[in-house]
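These are the residues of each chain, in order.
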Amino acid sequence: MASKAQISQYHDRGYFIVDDAVDAALLQELAAAADRVAARVRSGEVVDDPDGIHLGGEAVEPAFISGLVAPEFAEPAFAQYLASEPIARYLQSFLGDELRMGWVHLCCVQGQYVIGWHRDTGGQVKDGSYEEEMEILGRYRKHFMKWHMALVDDPCLWIVPGSQNRFRTDREHEALQGGSGEIPGATRIDLRKGQTIFWNGNSIHRGVMPEAMKRRSTLMGGMIDHRSDYDPGEKGDHRWLLADNIRPGLPARAQRYYDNWRSLAEPRMAAAPSA
Ligand SMILES: O=C(O)CCC(=O)C(=O)O
Ligand SMILES: [Fe+2]
């Protein structure tokens, strides 16, 4: 379970960092598996397509890979990780016992990488009044938790601590409109290999890869409290997850997460096939 100090840091500053959310042996497996999946996408052997993971396609240089639990990647470590005990224990403190599947993605950029300042409130008003912004921050993704886990040391994420709880400043407004430059009080998160940051995406944040850094290899996870109503925006509902070959390859706890998700997502997707 998360400690009281971690829970209050999460609520006040919008994040906390831990060393023990992944087992040492699994960490080594994940790091090696991540390199293999990136190589498979790079060579065209596996295609990570929102409509269905498949074999044999065009080589691309991946930045984010999303189909990690699909059997086409042949890397069971990712589903084991998503269903692992330490992840469940940390999430339980915030989301309760009954979770539904979010995601685990790999960020494997090489070379340049910048995602400007933003909150993860996609689809919501970005330029709202005080009342509108506070309403969004109070409601959006409230039953949801996300995290990064570094497979190699990762200093790319920047967060403005506490900004998940308050209206933007003028300087932040400018930065959120696509302006560049620094925000006073922003913190660079220096994750060492194997460390996990659980953080609130309503915070103002950005991703920047330092010039000297050659490659990033970080898992990005998310999970949802299954007591909450289904929200089509709660995760990119990739249709590949509906394929018949996904569920049998998952560990028991992940099957439960999957079934919870599918029971709500499938009827939605059937009603709106291209959503
Ligand atoms: O590169 C990063 O760490 C930030 C990515 C991001 O914006 C997010 O995970 O919401
Ligand atoms: Fe983000």
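Residue positions are counted from 1 within each chain, in the order its sequence is given. Chain A is the first chain written and ligand 1 is the first ligand written, with later ones labelled in order. Local features in a predicted model are, by the rule used here, given only for residues with pLDDT of at least 70; side-chain atom pairs are given and counted only at 80 or more, and totals for whole chains, interfaces and linings are based on all residues. The side-chain figures draw on all heavy atoms in the structure; neither hydrogens nor water molecules are used.

Visitor: Where do I start with helix α2 (residues 24–43) in this structure?
Guide: Because each turn of an α-helix spans 3.6 residues, side chains separated by three or four positions end up pointing in the same direction. A rise of 1.5 Å per residue sets the reference length of α2, with its 20 residues, at 28 Å; its end C-alpha atoms lie 29 Å apart and thus fit the reference within 8%. Residues of α2 that are buried make contact with β2 (46–47), β4 (64–65), α3 (77–82), β5 (99–107), β7 (144–150) and β12 (218–225). In this structure Asp-23 caps α2, since a side-chain oxygen of it lies 3.2 Å from the backbone nitrogen of Ala-25. Helix and strand definitions here come from DSSP, where helices need a minimum of 4 consecutive H or I residues and strands a minimum of 2 consecutive E residues; each element is numbered from the N-terminal end. Just downstream of α2 lies Gly-44, where phi reads positive at about 90°. Given a helix with a known number of residues, its expected span is that number minus one, times 1.5 Å. By definition in these notes, contact holds between two residues if any of their heavy atoms fall within 4.5 Å. Contacts described as polar in this section are N or O atom pairs within 3.5 Å, which, within protein, must combine one atom able to donate a hydrogen with one able to accept it, while residues neighboring in sequence count only if both atoms come from side chains.

Visitor: So what exactly am I meant to see when it comes to the sheet that holds strand β8 (residues 157–159) here?
Guide: Backbone hydrogen bonds are what pair the strands of a sheet, in a parallel or an antiparallel way. We treat two strands as partners when DSSP finds at least two bridges between them. Spatial strand order, β6-β11-β8-β9: four strands in an open sheet with antiparallel pairing. Bordering the open sheet on either side are β6 (114–118) and β9 (187–188), each of which pairs with just one other strand. Of the strand pairs in this sheet, β8 and β9 are connected by two bridges, and their pairing is antiparallel. Counted as the bridge partner of Ile-159 is Thr-187 from β9.

Visitor: Explain the pattern of salt bridges to me, please; I cannot follow it from the model alone.
Guide: In the sections that follow, a salt bridge refers to a side-chain nitrogen of Lys or Arg positioned within 4 Å of a carboxyl oxygen of Asp or Glu. A complete count under the given rule lists 21 salt bridges for this structure. The closest approach of N and O atoms between Arg-119 and Glu-133, which form a salt bridge, is 2.6 Å. Of this pair, Arg-119 sits in the loop between β6 and α5 (130–139) while Glu-133 sits in helix α5; the two residues are 14 residues apart in sequence, bridging distant segments of the chain. Taken as a pair, Arg-119 and Glu-133 share a single burial class, namely buried. Where Arg-139 meets Glu-135, a salt bridge forms, and the shortest distance between an N and an O atom there is 2.7 Å. With Arg-139 and Glu-135 both in helix α5, this residue pair falls four residues apart, about one helical turn. A single network of salt bridges, built from pairs that share partners, joins Arg-36, Arg-40, Glu-45 and Glu-75. Type-normalised accessible area, obtained with a 1.4 Å probe on protein chains alone, sets the label of each residue: buried when under 20%, exposed when over 50%, and partly exposed for intermediate values.

Visitor: It is not clear to me how the environment of Ile-189 should be interpreted in this structure. Could you clarify?
Guide: If you trace the backbone, Ile-189 turns up in the loop between β9 and β10 (196–199). Each C-alpha atom, one on Ile-189 and one on Ile-17, is 9.1 Å from the other, the two residues being 172 residues apart in sequence. Not counting residues up to four positions away in its chain, the partners in contact with Ile-189 are Tyr-15, Ile-17, Asp-154, Pro-155, Cys-156, Leu-157, Ile-159 and Ile-197.

Visitor: Explain the site of ligand 1 to me, please; I cannot follow it from the model alone.
Guide: In the neighbourhood of ligand 1, the contacting residues comprise Tyr-113, His-118, Asp-120, Lys-146, His-148, Leu-157, Trp-199, His-205, Gly-207, Arg-216 and Met-220. Tyr-113 places a side-chain nitrogen or oxygen 2.4 Å from an oxygen atom of ligand 1. Note that an oxygen atom of ligand 1 is positioned 2.9 Å from one of the side-chain N or O atoms of His-148. Of all the secondary structure elements, the ones that give two or more residues to the shell around ligand 1 are β7 and β11 (205–208). Gly is placed with the polar residues, together with every amino acid not listed as nonpolar (Ala, Val, Leu, Ile, Met, Phe, Trp, Tyr, Cys and Pro) or charged (Asp, Glu, Lys and Arg). The class makeup of the residues in the shell around ligand 1 is four nonpolar, four polar and three charged. Whether a residue is near a molecule or strand depends on its heavy atoms: it is near if one of them lies within 4 Å of it.

From the geometry alone we can't say anything about function, so treat these as descriptive.
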